[in-house]
Amino acid sequence: MTKRNFIRHVVFFSAKDPKDIPAIVTGLWKLADIPHSTTFEICENTRVDALSGDVDVVVYAEFPDAEALAAYKAHPIYQESIDIVRPLRDMRVPADF
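Here goes a summary of the coordinates provided. Note that this is a predicted model, so its numbers are computed, not measured. (Residues numbered from 1 in each chain as written. Predicted model: local features only at pLDDT ≥ 70, side-chain atom pairs only at ≥ 80, totals over all residues. Heavy atoms only, no water.)

A short note on the packing of helix 1 (residues 21-29) against helix 3 (residues 76-85)
Then comes step 1: Packing of helix 1 against helix 3 brings their axes to within 8 Å, and their N-to-C directions diverge by 170 degrees. Between helix 1 and helix 3, the angle is such that the two are roughly antiparallel. Touching Ala23, Ile24, Gly27 and Leu28 of helix 1 are Ser81, Ile84 and Val85, all from helix 3. (Axes fitted to C-alpha atoms, helices over the stretch in contact; angles between N-to-C directions. Helix = DSSP H or I, 4+ residues; strand = E, 2+ residues; numbered from the N terminus. Parallel < 35°, antiparallel > 145°, perpendicular 65-115°, else oblique. Contact = heavy atoms within 4.5 Å.)

Here you go:
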């Protein structure tokens, strides 16, 4: 495995109701205003892979180190986003590598 000098943060979300996907995306885009990431993307799942139906939205971000990721999660905007998205989502699966 290649050693990286950054952390990749990926989070998969599913909506309780498909009509709420745009509101989830909007709520997650608030996270882009947090200054600690070097890369930040939010995408709706294109469902090109037949087995990807459980995921509706993906957040992808890169951070220079664990301290930057922790600062991102401690930022007040992070909680604002949670307050919007949590009631609308079913599944949330994060991975940091």
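With respect to the nonpolar core
A general feature of soluble globular proteins is that nonpolar side chains tend to end up buried together.
Then comes step 1: Core analysis: the largest hydrophobic core is formed by 23 residues, its most contacted members being Leu28, Val57 and Tyr72.
Then comes step 2: Elements supplying a minimum of two residues to this core: strand 1 (7-15), helix 1, strand 2 (39-44), strand 3 (57-63), helix 2 (66-74) and helix 3. (Core = buried A, V, L, I, M, F, W, Y, C linked by side-chain atoms within 4.5 Å. Buried < 20%, exposed > 50% of the residue type's maximum accessible area, 1.4 Å probe, protein only.)

Topic: helix 1
Then comes step 1: What helix 1 keeps buried is the set Ile21, Ile24, Val25, Gly27 and Leu28. Looking straight down helix 1, one finds its buried side chains confined to an arc of 165 degrees; they lie on one side. (Arc of directions from axis to C-beta.)

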